[in-house]
Amino acid sequence: MPVEGGSSAAARQAKQKRKSHSLSIRRTNSTEQDRTGLPRDLLEGQESKLPQPLRNNLLDLFGQIEREFETLYIENLESSHSTSQLSQKLKTTYKASTSKIVSSFKATTSRAVCQLVKEYVGHRDGIWDLGITRIHPVVLGTASADHSAMLWSIETGKCLLKYVGHAGSASGDQTAHIWRYMVQLPTPQPVADISQVSCEDEVEFSDKDEGDGDGEGGFSDCPSVRVPVTTLKSHQGVVIAADWLVGGKQVVTASWDRTANLYDVETSDLVHTLTGHDQELTHCCTHPTQRLVVTSSRDTTFRLWDFRDPSIHSVNVFQGHTDTVTSAVFTVADNVVSGSDDRTVKVWDLKNMRSPIATIRTDSAVNRISVSVSQRIIALPHDNRQVRLFDMTGVRLARLPRTNRQGHRRMVCCSVWCEDNPTCNLFTCGFDRQAIGWNINIPALLQEK
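Residues numbered from 1 in each chain as written. Predicted model: local features only at pLDDT ≥ 70, side-chain atom pairs only at ≥ 80, totals over all residues. Heavy atoms only, no water.

Turning our attention to the overall build of the chain. Looking only at helices and strands, one finds four helices and 28 strands in the chain. Here the chain holds 449 residues, and 43% of them are scored as buried. Only carbon and sulfur atoms are counted for the fraction: they give 51% of the accessible area of the chain, which is about 24,300 Å². (Helix = DSSP H or I, 4+ residues; strand = E, 2+ residues; numbered from the N terminus. Buried < 20%, exposed > 50% of the residue type's maximum accessible area, 1.4 Å probe, protein only. Areas by Shrake-Rupley, 256 points an atom, 1.4 Å probe, with all protein chains shown as cover.)

Laid out in structure tokens, this is it:
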């Protein structure tokens, strides 16, 4: 009986193994062909130079790939259908919700009319602050980075007096000056026809619209004062704000040296130095009827100083903001309103200042705010050139108009109310080197509140 060599037996075993593997693949492919409908016979009938086992393996792999794509395709179809339904539902809900919000805003301001009445132009640099005199004659005052302060006729927009006694920008010489003025108010001229603009109108400005400020608003023939009556010295940094304490015998100043000072006006003596802030002060304000002072700072706090008892000078620290507190002001009631670079304004109750009673959230940093006396409307000047009006509960009442012909072109720094004036009852100023007088129809603002 012949005996096979070792190599011959191994070759035959390998051949049988390949054959059984090929048969296994053929049976599997035949089953999958029936399920998927792949024209396997047609493919196998075509001429190919590839070895049959390799070709069978490739056909099997391609069949598996096709099945995987088919599965993914079906899943994507189902997912696309459900996603489309969800997307449509979200769109419908979103459209309904936003329509209600927009409608509520429109209803609130539909009858509100805000008029730009007068522009006060003459400063050669940005205007940091402005105020209204508390005694007659009532005039508008502005303080600018051009080292000057000006008094203006509210009705005519004419510059009445210019103070040039400071050596630095907006008390950058580290002093506060008290100076006297005597002005003759010009005869008011008929107000030009001013189109009434909805408080929601807005069109962007271009840089070329900004004037150079020379020779406008009666600037060239405006008389000047160079010598103050009193100079208040003690600060070691820029004096950024000042206010009169009730009674008119003392004045408080705020500085970048992190302190506020209380002075006696008649003697120019320093009465108190208010320390405690960790960074530069940004503003100070006094209560209209009580000996209270509030100071705000870049350290994200504002402090309430109580001088009602001469023997005790208490201080309370409030930490309700997360960025620079740009201003904090009193209202005629027992409230303090604070504004911040964190884009919020908060209303506080003096009787319980643990937490604010109202919070207003905006889309831009808030600068020096003001609150109207009678109606308690808050005017918010913003970095983004907007001026918005809110009530004390946080409800937005209006946004002052900005068009390609009127409004502020740069950051709005400060606002102040003058409700008793029939011509302009709100004033704003900014880095565009102008102050603006507005007539706000307050009854219309509150009618649909």
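Now that the structure has been shown, we can carry on.
A few words now on unusual backbone geometry. Backbone torsion omega between His136 and Pro137 reads 0 degrees, so that peptide bond is classified as cis. Positionally, Pro137 belongs in the loop between β2 (127-132) and β3 (140-144). Despite not being glycine, Arg258 shows a phi value in the positive range, around 75 degrees. The topology assignment puts Arg258 in the loop between β11 (250-255) and β12 (260-264). Its identity as a non-glycine residue notwithstanding, Ser268 has a phi of 65 degrees, on the positive side. Here Ser268 is to be found in the loop between β12 and β13 (270-274).

To continue, consider the state of the cysteines. The term disulfide refers to a covalent linkage connecting the sulfur atoms of a pair of cysteines. Counting across every chain of the model gives one disulfide. Linked covalently through their sulfurs, Cys159 and Cys222 form a disulfide whose S-S length is 2.4 Å. For the disulfide bridge between Cys159 and Cys222, the dihedral angle about the S-S bond is near -50 degrees, and by the sign convention the bridge is left-handed. Here Cys222 lies in the loop between β7 (197-198) and β8 (224-225) and Cys159 lies in strand β5 (residues 159-163), a separation of 63 residues in the sequence. Residue Cys159 is classed as buried on the basis of its relative accessible area of 2%. Unpaired in this structure, Cys424 has its nearest cysteine sulfur neighbour in Cys418, at a distance of 8.6 Å. (Disulfide = S-S within 2.5 Å.)

It is worth spelling out a nonpolar patch on the surface at this point. A cluster of nonpolar side chains, Leu50, Leu54, Leu58, Leu61, Phe62, Ile65 and Phe69, forms an exposed patch at the surface whose accessible area comes to about 670 Å². Following the sequence through the fold, Phe62 ends up in helix α3 (residues 52-109). The exposure class assigned to Phe62 is exposed, which follows from its relative accessible area of 53%. (Patch = residues over 30% accessible without salt bridge, like charges linked within 9 Å, V, L, I, M, F, W, Y side chains within 5 Å. Salt bridge = Lys/Arg side-chain N within 4 Å of Asp/Glu carboxyl O.)

As a further point, take the sheet that holds strand β22 (residues 370-371). Pairing is antiparallel in the open sheet, where four strands are placed in the order β22-β23-β24-β25. Of all strands in the sheet, those bounded by a partner on one side alone are β22 and β25 (396-399). Relative to strand β24 (residues 387-391), strand β23 (residues 377-381) is paired through five bridges, and the arrangement is antiparallel. Following the sheet pairing, Ile378 is matched in β24 by Phe390. (Pairing = 2+ DSSP bridges.)

We now examine the packing of aromatic side chains. The tally for this structure, following the rule as stated, stands at seven aromatic pairs. Here the aromatic rings of Tyr163 and Trp179 are separated by 4.6 Å at their centres, their planes lie at 5 degrees, and the arrangement is stacked. Here Tyr163, found in strand β5, pairs with Trp179, found in the loop between β6 (175-178) and β7; they are 16 residues apart in sequence, far enough to count as distant. Using a relative accessible area of 1% as the deciding quantity, one classes Tyr163 as buried. Ring geometry for Phe318 against Trp348: centres 6.3 Å apart, planes inclined by 45 degrees, an arrangement best described as tilted. Of this pair, Phe318 sits in strand β17 (residues 312-318) while Trp348 is found in strand β20 (residues 344-349), placing the two residues 30 residues apart along the sequence. (Phe/Tyr/Trp six-rings, centres within 6.5 Å; stacked < 30°, edge-to-face > 60°.)

One can find Lys346 in strand β20. Asp342 provides the closest opposite charge to the buried, salt-bridge-free Lys346, at an N-O distance of 5.5 Å. Polar contacts involving the side chain of Lys346 include one to the main-chain carbonyl oxygen of Gly320, which spans 2.5 Å. If we skip the residues at most four places from it in the chain, Lys346 touches Gly320, His321, Val336, Val337, Ser338, Pro356, Ala358 and Thr359. (Lys, Arg positive; Asp, Glu negative; His and termini not counted. Polar contact = N/O pair within 3.5 Å; in protein donor to acceptor, adjacent residues only side chain to side chain. Contact = heavy atoms within 4.5 Å.)

In this section: the confidence of the model for the chain. Residue-level pLDDT values for the chain average 81, and 73% of them are 70 or greater. Note that residues 19-38 has pLDDT below 50 and, in this model, 18 contacts with residues that lie over four places away or in other chains. This model gives residues 102-112 a pLDDT under 50, and the stretch forms 15 contacts once residues within four places in sequence are excluded. (pLDDT = per-residue confidence, 0-100.)

Another point: the side chain of His283. Structurally, the position occupied by His283 is in strand β14 (residues 281-286). Judged by relative accessible area, which is 11%, His283 ranks as buried.

Glancing now at the sheet that holds β8. Strand order in the open sheet formed by five strands is β2-β3-β4-β5-β8, and the pairing between neighbours is mixed. Edge positions in the open sheet fall to β2 and β8, since each of these has one partner strand only.

What follows deals with the pattern of salt bridges. Side chains that carry opposite charge are capable of pairing whenever their charged atoms lie near each other. Under the defined criterion, the tally for this structure stands at five salt bridges. The partner of Asp243 in a salt bridge is Arg134, and the shortest N-O contact between them spans 2.9 Å. On the criterion of sequence distance, the pair formed by Asp243 in strand β10 (residues 239-244) and Arg134 in the loop between β2 and β3 is long-range, its members being 109 residues apart. Looking at Asp243, the relative accessible area reads 11%, which means it is buried. Take Arg134: its relative accessible area is 63%, and that puts it in the exposed class.

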